[in-house]
Amino acid sequence: MTEEKKDNLFEKKISRRQMLKMTGVGAAGVAIGASGMGGILSAFSRNNAVEEDKTNVKNKVKFYGKNQSGIMTPSQTNIYFASLTVLVKTKAELAQLFKDWTPAAVKLMNGETVGDVTNIMVPPADTGEAVGLDAKNLTLTFGVGPSLFKKFDFGDQKPKELKDLPHFPKDQLQEEYSGGDICIQACADDPQVAFHAVRNLVRIATGRVSLKWSQAGFNAIPMKNGKPETPRNLFAFKDGTENPRDAADADRVVFIQSGESKSWLTGGTYLVARKVQMHLETWDRTALDEQEATFGRHRDTGAPLGKTSEFEAMEIDRKDKNGENVVPETSHVFLAKKANVRLLRRSYSYASGVMDSTGTHDAGLLFISFQKDPNQFIKIQNSLGRMDKMNEYITHRGSALFACFPGVKKGSFIGEALFNTL
């Protein structure tokens, strides 16, 4: 080997002795500090350089913008949703966490690895399972829960709307699927890309956060004349027909405008996550006309009962020739429409094996909605109440609310507006 090649190899690698010195590992191989090698590698990987949104990347969604991605972005086929517990003790450490995540998030949405993977003397900076895959339309959405504001004193910056959702009729919530200090929603057109993103963001934050709960989900999005159609849930009904379709409507329904909440949330939104078990075996024994009466829509077309097109107005007060409601008063749609509020549904199906106690499918809906005020969701859920015929077929197992930051400007970092108010 030539001297030049030796020098190049030396630059790319660090010796075992150098690594021991830098990591504080003694001769007996005992790491100094409680965070261990994972924490040390997280410290090494910190990179607050400004990363670029690549323009020549296949299947790429932009990271920078007025609003976060993964909200009005067309739904992808997969989600990996993670709720995290914060372990750091100071706001400075918390701010640094989001600073560390920002360049990594840009890289991930570019379809790149989060760091160097060529130095064989240390664990790879990226776990590597997405190598060879493109960006797959990955989006990353970050939010903070009410419990975070109990751990840190943010003065008067906690929005009054950011509080745990109330108990609703038929709730059977489990703590292991509820709440959280921070959420990361990773959506992509490949399940491994979505999981890889969350895995590496959590790895970067080793010793600073821990996973509280997570859920993988999937969608199948039909195409018609080259355009995506509304996805279906596991009951085979379309989910999200009445979502906002353009920016102006999104500003009315989803995104917080100046003066509507704390200034750091302008351009942000609220994310509601509900893990809803669907009792598929019971549903599968139900006649089709009863299923349609439960939803208030025709299954195959998604049209309101008595109509033919999915996007026709529901008009819940319509009567048949006998003077009866065309859309049953106990149907899911009828009761939801009575609340007279709207939101953006961005839900995914899940299948997580078998329920231990019954031997039935542990499957259902990871319901996710975005709204500028949580009361939009609360009003709809209260309107559904105990009358909703859907209650015969579902059980709400998990619940969480997060305030999602506005979008990130180039040179800024995730959540900077909140930390700048302190």
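Model, not experiment: these values are computed from the prediction.

A. Molecular detail of the overall build of the protein. For the protein, the count of helices and strands is 12 helices and 11 strands. Expressed as a percentage of the 422 residues in the protein, the buried residues total 49%. A sequence separation of at least 24 residues applies to 77% of the contacts in the protein between residues at least 6 apart. Of the roughly 20200 Å² that the protein leaves accessible, carbon and sulfur atoms contribute 52%.

B. Up close: the packing of helix H4 (residues 91–109) against helix H6 (residues 191–204). Axis separation between H4 and H6 bottoms out at 10 Å; the angle between their running directions is 155°. The angle between H4 and H6 falls in the class roughly antiparallel. The interaxial crossing formed by H4 with H6 has right-handed handedness. Seen from H4, the contacting residues are Asp 100, Trp 101, Ala 104, Ala 105 and Leu 108; seen from H6, they are His 196, Ala 197, Leu 201 and Ile 204. Looking at the contact of H4 with H6, its residues break down into 7 nonpolar, 1 polar and 1 charged.

C. Up close: the nonpolar core. Among the nonpolar cores identified, the biggest contains 83 residues, and Leu 94, Phe 98, Trp 101, Leu 140 and Phe 235 are the most heavily contacted of them. If one sorts the elements of this core by residue count, H4 sits on top with 10 residues. In this structure, Ile 71, Leu 271, Phe 402 and Cys 404 belong to the second largest nonpolar core, which totals 20 residues.

D. Molecular detail of the packing of aromatic side chains. Applying the stated criterion to the full structure yields 21 aromatic pairs. Relative to Phe 419, the ring of Phe 154 has its centre 6.1 Å away and its plane inclined at 65°; by these criteria the two rings are edge-to-face. Here Phe 154 is found in the loop between helix H5 (148–151) and strand S3 (182–188), whereas its partner Phe 419 is found in helix H12 (residues 416–420), with 265 residues between them in sequence. With respect to burial, Phe 154 and Phe 419 carry one shared label: buried. Judged by centre distance (5.7 Å) and plane angle (40°), the ring pair of Phe 367 and Phe 377 falls under tilted. Taken together, the residues span a long stretch of sequence, with Phe 367 in strand S10 (residues 361–371) and Phe 377 in helix H11 (residues 374–384) at a distance of 10 residues. With a relative accessible area of 9%, Phe 367 lands in the buried category. Through successive ring pairs, a cluster of aromatic residues spans Phe 98, Trp 101, Phe 142, Phe 149, Phe 152, Phe 154, Trp 264, Phe 405, Phe 413 and Phe 419.

E. A look at the environment of Ala 125. Examined against the element boundaries, Ala 125 turns out to sit in the loop between H4 and strand S2 (139–144). Exposure remark for Ala 125: the relative accessible area of 27% places this residue in the partly exposed category. Ala 125 sits 12 residues away from Thr 113 along the chain, and the two C-alpha atoms are 8.1 Å apart. Here Ala 125 is in contact with Val 114, Gly 115, Asp 116, Val 117, Asn 200 and Arg 203, once residues within four sequence places are set aside.

F. Highlighting empty space enclosed by the protein. One pass over the full model with this rule turns up 1 cavity of 30 Å³ or more. Approximately 50 Å³ is the volume found for the largest cavity. In this structure, the largest cavity is lined by Phe 63, Asn 67, Gln 68, Ser 69, Leu 140, Phe 142, Gly 407, Val 408 and Ile 414. Residues belonging to the lining of the largest cavity are distributed by class as follows: 5 nonpolar, 4 polar and no charged.

G. Layout of the confidence of the model for the protein. For the protein, mean pLDDT is 90; residues scoring 70 or higher make up 88% of the total. Taken as a whole, residues 3–45 scores under 50 in pLDDT and shows 37 contacts with residues more than four places along the chain or in a different chain.

H. Representation of the pairing of S10 within the structure. With 10 of 11 residues buried, S10 is to be regarded as a mostly interior element. The sheet contact formed by strand S7 (residues 269–278) and S10 spans 8 bridges and is antiparallel. From the neighbouring strand, Gln 277 faces S10, where its bridge partner is Gly 364. Bridging between strand S8 (residues 344–345) and S10 involves 2 bridges; their strand directions are antiparallel. Bridged to Leu 344 within S10 is Phe 370. As judged from the 5 bridges shared by strand S9 (residues 348–354) and S10, these two strands associate in the antiparallel manner. Bridge pairing links Tyr 348 to Leu 366 in S10.

I. Representation of the environment of Phe 98 in the model. Tracing the chain through its elements places Phe 98 in helix H4. Spatially, the C-alpha atom of Phe 98 lies 8.3 Å from that of Glu 416, the residues being 318 residues apart in sequence. Those residues in contact with Phe 98 that sit more than four places away from it in its chain are Val 144, Ile 182, Phe 405, Phe 413, Ile 414 and Phe 419.

J. Structural view of the pattern of salt bridges. Applying the stated criterion across every chain yields a total of 21 salt bridges. For Lys 238, the salt bridge goes to Glu 310, with nearest N and O atoms at 3.1 Å. A residue pair is termed long-range when its members are at least 10 positions apart, and Lys 238 in the loop between strand S6 (227–228) and helix H7 (247–253) and Glu 310 in the loop between helix H9 (288–295) and helix H10 (332–338) qualify at 72 residues. Pair check on accessibility: Lys 238 and Glu 310 agree, each one buried. Taking the shortest distance from any N to any O, the salt bridge between Lys 372 and Glu 260 comes out at 3.1 Å. A residue pair is termed long-range when its members are at least 10 positions apart, and Lys 372 in the loop between S10 and H11 and Glu 260 in the loop between H7 and S7 qualify at 112 residues. Here Lys 372 falls in the buried class, since its relative accessible area comes to 16%. Taking the relative accessible area as the measure of exposure, Glu 260 reaches 40% and is therefore partly exposed.

Cut-offs and rules
- Residues numbered from 1 in each chain as written.
- Predicted model: local features only at pLDDT ≥ 70, side-chain atom pairs only at ≥ 80, totals over all residues.
- Heavy atoms only, no water.
- Helix = DSSP H or I, 4+ residues; strand = E, 2+ residues; numbered from the N terminus.
- Buried < 20%, exposed > 50% of the residue type's maximum accessible area, 1.4 Å probe, protein only.
- Contact = heavy atoms within 4.5 Å.
- Areas by Shrake-Rupley, 256 points an atom, 1.4 Å probe, with all protein chains shown as cover.
- Axes fitted to C-alpha atoms, helices over the stretch in contact; angles between N-to-C directions.
- Parallel < 35°, antiparallel > 145°, perpendicular 65-115°, else oblique.
- Left-handed = near helix turned anticlockwise from the far one by under 90°.
- Nonpolar A, V, L, I, M, F, W, Y, C, P; charged D, E, K, R; others polar.
- Core = buried A, V, L, I, M, F, W, Y, C linked by side-chain atoms within 4.5 Å.
- Phe/Tyr/Trp six-rings, centres within 6.5 Å; stacked < 30°, edge-to-face > 60°.
- 1 Å grid on protein atoms, 1.4 Å probe; cavity = no way out; pocket = protein on both sides within 12 Å on 5 of 7 lines; lining within 4 Å.
- Points joined across faces, edges and corners; volume = space filled by probe spheres on them.
- pLDDT = per-residue confidence, 0-100.
- Pairing = 2+ DSSP bridges.
- Salt bridge = Lys/Arg side-chain N within 4 Å of Asp/Glu carboxyl O.

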